[in-house]
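Understanding the architecture of this molecule
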Amino acid sequence: MEQGLRHYLTVTGGYWAFTITDGAIRMLVVLYFHQLGYSPLSIAMLFLFYEFFGIVTNLVGGWLGAHLGLNRCMHIGMLLQIAALLMLTVPDGWLGVAYVMAAQALSGIAKDLNKMGAKAGVKLLVPAGSDSRLFRWVALLTGSKNALKGAGFFIGAALLAQLGFRGALVALAAMLTIALLLTWWLLPEGLGRTRGGAKFSRIFSKTAAVNRLSAARFFLFGARDVWFVVALPVFLYDQLGWSFTSVGSFLALWVIGYGIVQSMVPLLFRRAAPVGGRTLAVWAAILSLLPASMAGLLLYGVDAEMVVMAGLAGFAILFAINSSVHSFLIVAWSQREQVSMNVGFYYMANAGGRLAGTVLSGLIYQYQGISGCLGWSAALILMAALISMALPEQVDSDHQSGVCG
């Protein structure tokens, strides 16, 4: 097997194992703490540090990757996730808001170190100039990750029902430990490490294209999480009367389907012109119509279950297209020696959007319900579309210009 492909499969396998625990811990915390009587806003606040420290991690993670190697960043992320899982196995009396937020902070740091290491690493495993292969590999990595995160939702809900909260956490920690040992053995040392190190000040030295793409990513992912993170699972459980297992299974199937579509997006653009700003703007504008229509139908009194089921199916397809093109462009538009720095900066914006979306999800749902969350989602997607219109259609990553702070 080609060495680059073998290393790519190892990186992907480690990313898969981590992603299952990330999806599972999210579902465990949402469902278990809702069962303990926490309000939607209180549950959202449990994830505040998860998203905030994701921002900080992505800001410095690219610099760490350039100094330590991307594989070490992945492994540090796995170790921190194991620690976060085991922190939550303490008795209920210890599980106050501050303690759970601290555990989620570790998990947020872990997730973004792992993601940055995996996605930036793909750029270094693909020969220069192989944009078609790069698009396929990034789409497959991202799509399969989301499918596995969906599986994590299901696994988290199922383990909660079968093993209880603490038993589920221990089982997930054991699985991730095995993945850590295997990837540590199979991956080469120093993947992505920059010779002579990288200056910390270069974290903020980005091209105009990277800055604008990052801003669009902020609004795009804020738009998803404003209704998906807290509002949707609580709505399904409280308003539609679904069980924990039903909520976890449904969200798992949704994310799995979304991931499958995401991995197939390169086929959609195989014969099209190179994707860029115009592509992102058009697909974001189309996506914004869906949550706006769902909010209108719910306010008009159409059956809520039918609206949510049909709307989620369409949202999965359209959001997958937007996200996949985004993920490709940040890698394609980065010089090889700057890829970890650019990817880290970009996913800092991603984490910022998720943080805003998570807090708004609990806050808006508590006061405006699911229709209010959907209306805000549509507005945020339109912001992403407007920003994308300022992006170029094509950028040569080896000759980028227009650096701005």
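See above for the structure.
Residues numbered from 1 in each chain as written. Predicted model: local features only at pLDDT ≥ 70, side-chain atom pairs only at ≥ 80, totals over all residues. Heavy atoms only, no water.

Topic: the overall build of the protein chain
Spelled out, the test is: Note on conventions: DSSP H or I runs of at least 4 residues are helices, E runs of at least 2 residues are strands, and numbering of each starts at the N terminus. Three exposure classes are used, based on accessible area relative to the maximum for each residue type with a 1.4 Å probe and protein chains only: buried under 20%, partly exposed in between, and exposed over 50%.
Check the secondary structure of the protein chain and you find twelve helices and two strands. Order of helices (α) and strands (β) in the protein chain, N terminus to C terminus: α-α-α-α-α-α-β-α-α-α-α-α-α-β. Taken over 405 residues, the protein chain has a buried fraction of 59%.

A few points about the packing of helix H7 (residues 208–228) against helix H8 (residues 231–238)
Counted only if it meets this: Geometry is summarised by axes, namely lines fitted to C-alpha atoms with helices restricted to the contacting stretch, and by angles between N-to-C directions that run from 0 to 180 degrees. Convention used here: angles under 35 degrees read as roughly parallel, angles over 145 as roughly antiparallel, angles from 65 to 115 as roughly perpendicular, and any remaining angle as oblique. Contact between two residues is taken to exist if any of their heavy atoms lie within 4.5 Å; hydrogens are not considered.
Between H7 and H8, the least distance of the axes is 5 Å, while the angle of their chain directions is 20 degrees. Between H7 and H8, the angle falls in the class roughly parallel. Contacts between H7 and H8 pair Val226, Trp227 and Phe228 from the former with Ala231, Leu232 and Pro233 from the latter.

Quick notes on the side chain of Thr57
For the record, the criterion: Here a polar contact means two N or O atoms within 3.5 Å. Within protein one must be a hydrogen donor candidate and the other an acceptor candidate, and residues neighboring in sequence count only if both atoms are side-chain atoms.
Relative to the elements of secondary structure, Thr57 occurs in helix H3 (residues 48–68). A distance of 2.6 Å separates a polar atom in the side chain of Thr57 from the backbone oxygen of Phe53. Beyond its immediate sequence surroundings of up to four residues, Thr57 is in contact with Ile109, Asp112 and Leu113.

Focus on the side chain of Arg224
Along the chain, the position of Arg224 falls in helix H7. In this structure Arg224 comes out as buried when scored by relative accessible area, which is 10%. Engagement of the side chain of Arg224 in a polar contact is seen with the side chain of Asp225, the distance being 2.8 Å. Contacts of Arg224, omitting those with residues within four sequence positions, involve Tyr258, Phe315, Phe319 and Arg354.

Things to note about H7
Formally: To estimate the expected span of a helix, subtract one from its residue number and multiply by 1.5 Å.
If you check H7, its first and last C-alpha atoms are 30 Å apart, about what 21 residues at 1.5 Å a residue would give, namely 30 Å. Here H7 lies mainly inside the structure; 18 of its 21 residues are buried.

So, the environment of Phe319
Inspection of the secondary structure assignment puts Phe319 in helix H11 (residues 304–332). By relative accessible area, which is 0% here, Phe319 ends up buried.

Observations concerning the nonpolar core
Stated formally: In these notes, a set of buried Ala, Val, Leu, Ile, Met, Phe, Trp, Tyr and Cys residues joined through side-chain atoms within 4.5 Å is what counts as a nonpolar core.
Among the nonpolar cores identified, the biggest contains 86 residues, and Phe33, Leu88, Phe165, Trp227 and Leu251 are the most heavily contacted of them. Considering every element that reaches this core, the biggest residue donor is helix H6 (residues 131–186), with twelve residues. When sequence neighbours within four positions are dropped, the list of residues in contact with Leu88 reads Ile25, Val29, Leu95, Val100, Ala103, Gln104, Phe165, Arg166 and Leu169. Membership of the second largest hydrophobic core comes to 23 residues, among which are Ile55, Leu280, Ile321 and Met348.

Quick word on helix H10 (residues 277–300)
Residue pairs three or four apart in sequence face the same way in an α-helix, which turns once every 3.6 residues. Spanning 24 residues, H10 covers 35 Å between terminal C-alpha atoms, matching the ideal 34 Å at 1.5 Å per step. Of the positions making up H10, those classed as buried are Gly277, Thr279, Leu280, Ala281, Ala284, Leu287, Ser288, Leu290, Pro291, Met294, Ala295 and Leu298. Looking one or two places after H10, you find Gly301, whose phi comes out positive at around 100 degrees.

Description of the pattern of salt bridges
Any two side chains of opposite charge can pair, on the condition that their charged atoms come close. The line we're drawing: Counted as salt bridges are all cases of a side-chain nitrogen of Lys or Arg within 4 Å of a carboxyl oxygen of Asp or Glu.
Scanning the model with the defined rule gives three salt bridges in all. Close ionic contact of Arg224 with Asp225 constitutes a salt bridge, the shortest N to O distance being 2.8 Å. Each member of the pair Arg224 and Asp225 is classed as buried. Here Asp225 and Arg354 are joined by a salt bridge, their closest N and O atoms 3.6 Å apart. Separated by 129 residues along the polypeptide, Asp225 in helix H7 and Arg354 in helix H12 (residues 339–388) bring together distant segments of the chain.

Looking at the environment of Phe18
Mapped onto the secondary structure, Phe18 falls in helix H1 (residues 3–35). For the pair Phe18 and Ile82, spaced 64 residues apart in the sequence, the C-alpha separation amounts to 9.6 Å. In this structure Phe18 touches Gly77, Met78, Gln81, Ala110, Lys111, Asn114 and Leu176, once residues within four positions along its chain are discounted.

Quick notes on the packing of aromatic side chains
Keep this limit in mind: Ring pairs shown here join Phe, Tyr and Trp side chains whose ring centres sit within 6.5 Å, with only the six-membered ring taken for Trp; geometry is labelled stacked below 30 degrees between planes, edge-to-face above 60, and tilted in between. Over a ring means this: the NZ of a Lys or the CZ of an Arg is within 6 Å of the ring centre and within 35 degrees of the ring normal.
Tallied over the full model, the rule gives 16 aromatic pairs. Measuring from ring centre to ring centre gives 5.2 Å for Phe33 and Tyr38, while their planes differ by 85 degrees; the resulting arrangement is edge-to-face. A relative accessible area of 19% means that Tyr38 is categorised as buried. Centroid distance Tyr258 to Phe319: 5.8 Å. Interplanar angle 45 degrees. Geometry classified as tilted. Of the two residues, Tyr258 is situated in helix H9 (residues 244–268) and Phe319 in helix H11; the sequence distance between them amounts to 61 residues. An identical accessibility class is assigned to Tyr258 and Phe319; each is buried. By way of ring pairs, the aromatic residues Phe221, Trp227, Phe228, Trp254, Tyr258, Phe315 and Phe319 are connected into one cluster. Between Arg26 and the ring centre of Tyr50, over which it is positioned, the NZ or CZ distance is 4.9 Å.

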